[in-house]
Amino acid sequence: MTYQPIPVPPRDNRRTLRIVLIVVGAVLALCCLGGAVGGFFVYGAAKEAVGPVREATTSYLDAIRSGDHQRAYDLLCREERERTSLAEFRRRWEAEPRLVDYDVAGLTVNNTNGRVLGTATVRLTTETGGASTQVLTLVKEDGAWRLCG
């Protein structure tokens with residue numbers, strides 16, 4: 001009698017493929033979850049940086065729209081208030097068509113050599129139907145954002 005080796009069953013390629021697909025799916029799920037969590041934190045940090053700039057811009061434009069020139073003037077930076085009197089500021093705005101609506105289209109915050117600057121791109125609509133886009137510059141002064149220039 002001769003020795004007969006025990007036959008080895010053929011390898012099941014479907015099982016190997018299933019394991020590979022499960023591993024790849026798990027890695028993709030972890031990457032997506034990591035991206036979502038990272039995106040959430042990046043969005044929160046960006047909102048925290050530009051949120052106060054948006055608030056200062058909308059406060060200023062709300063004051064202009066309502067005709068409260070004193071409040072708008074108080075939101076200007078020190079340099080701008082030293083350069084322009086309240087009476088001159090009021091006269092300048094009263095000579096323009098009244099602001100009826102605005103939209104804050106974009107915000108940026110930059111820190112260059114310790115000087116923090118912000119910009120707000122706004123679309124303004126006046127009572128005459130005129131529309132314009134302006135870029136407002138803001139500076140951080142004594143912990144508060146103020147319009148400057």
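The coordinates are above.
What this report covers is the structure whose coordinates are included nearby. (Residues numbered from 1 in each chain as written. Predicted model: local features only at pLDDT ≥ 70, side-chain atom pairs only at ≥ 80, totals over all residues. Heavy atoms only, no water.)

### Some details on the overall build of the chain
Inference 1: Within the chain one finds four helices and four strands.
Inference 2: The order of α-helices and β-strands along the chain, N terminus first, is α-α-α-α-β-β-β-β.
Inference 3: Expressed as a percentage of the 149 residues in the chain, the buried residues total 21%.
Inference 4: Within the chain, contacts between residues at least 6 apart in sequence are counted, and of these 46% link residues at least 24 apart.
Inference 5: As displayed, the chain offers around 10700 Å² of accessible surface, 58% of which is attributable to carbon and sulfur atoms. (Helix = DSSP H or I, 4+ residues; strand = E, 2+ residues; numbered from the N terminus. Buried < 20%, exposed > 50% of the residue type's maximum accessible area, 1.4 Å probe, protein only. Contact = heavy atoms within 4.5 Å. Areas by Shrake-Rupley, 256 points an atom, 1.4 Å probe, with all protein chains shown as cover.)

### Some words on the sheet that holds strand β3 (residues 131–141)
Inference 1: Spatial ordering of the open sheet is given by β1-β2-β3-β4, a layout of four strands whose pairing is antiparallel. At either margin of the open sheet sits one strand with a lone partner, and together these are β1 (99–112) and β4 (144–147). Averaged over all adjacent pairs, the angle separating strand axes in this sheet is 30°, with direction ignored. (Pairing = 2+ DSSP bridges. Axes fitted to C-alpha atoms, helices over the stretch in contact; angles between N-to-C directions.)

### Quick look at the state of the cysteines
Inference 1: Under the definition given, this model contains one disulfide.
Inference 2: Disulfide partner of C77: C148, at an S-S distance of 2.0 Å. Measuring the twist about the S-S bond at about 55°, one finds the C77-C148 disulfide to be right-handed. Of the two residues, C77 sits in the loop between α2 (69–74) and α3 (78–83) while C148 sits in the segment after β4, which places them 71 residues apart along the sequence.
Inference 3: With relative accessibility at 13%, the residue C148 sits in the buried group. (Disulfide = S-S within 2.5 Å.)

### Observations regarding the side chain of T126
Inference 1: Structurally, T126 can be placed in strand β2 (residues 115–126).
Inference 2: At 3.0 Å, the side chain of T126 and the side chain of T128 are in polar contact.
Inference 3: Once you skip the residues sitting within four places of it in the chain, T126 turns out to touch P97, R98, L99 and V100. (Polar contact = N/O pair within 3.5 Å; in protein donor to acceptor, adjacent residues only side chain to side chain.)

### Quick look at a nonpolar patch on the surface
Inference 1: On the surface, a nonpolar cluster with roughly 250 Å² of combined accessible area is contributed by I19, V23 and V27.
Inference 2: Within the secondary structure, I19 sits in helix α1 (residues 13–66).
Inference 3: Exposure remark for I19: the relative accessible area of 46% places this residue in the partly exposed category. (Patch = residues over 30% accessible without salt bridge, like charges linked within 9 Å, V, L, I, M, F, W, Y side chains within 5 Å. Salt bridge = Lys/Arg side-chain N within 4 Å of Asp/Glu carboxyl O.)

### Quick notes on the pattern of salt bridges
Inference 1: Summed over the entire model, instances satisfying the criterion amount to ten salt bridges.
Inference 2: Close ionic contact of D142 with R78 constitutes a salt bridge, the shortest N to O distance being 3.6 Å. Here D142 is found in the loop between β3 and β4, whereas its partner R78 is found in helix α3, with 64 residues between them in sequence.
Inference 3: Take D142: its relative accessible area is 70%, and that puts it in the exposed class.
Inference 4: Owing to a relative accessible area of 38%, R78 belongs among the partly exposed residues under this scheme.
Inference 5: Where E88 meets R92, a salt bridge forms, and the shortest distance between an N and an O atom there is 3.8 Å. With a gap of four residues between them, E88 and R92 both fall in helix α4 (residues 86–95), about one helical turn apart.

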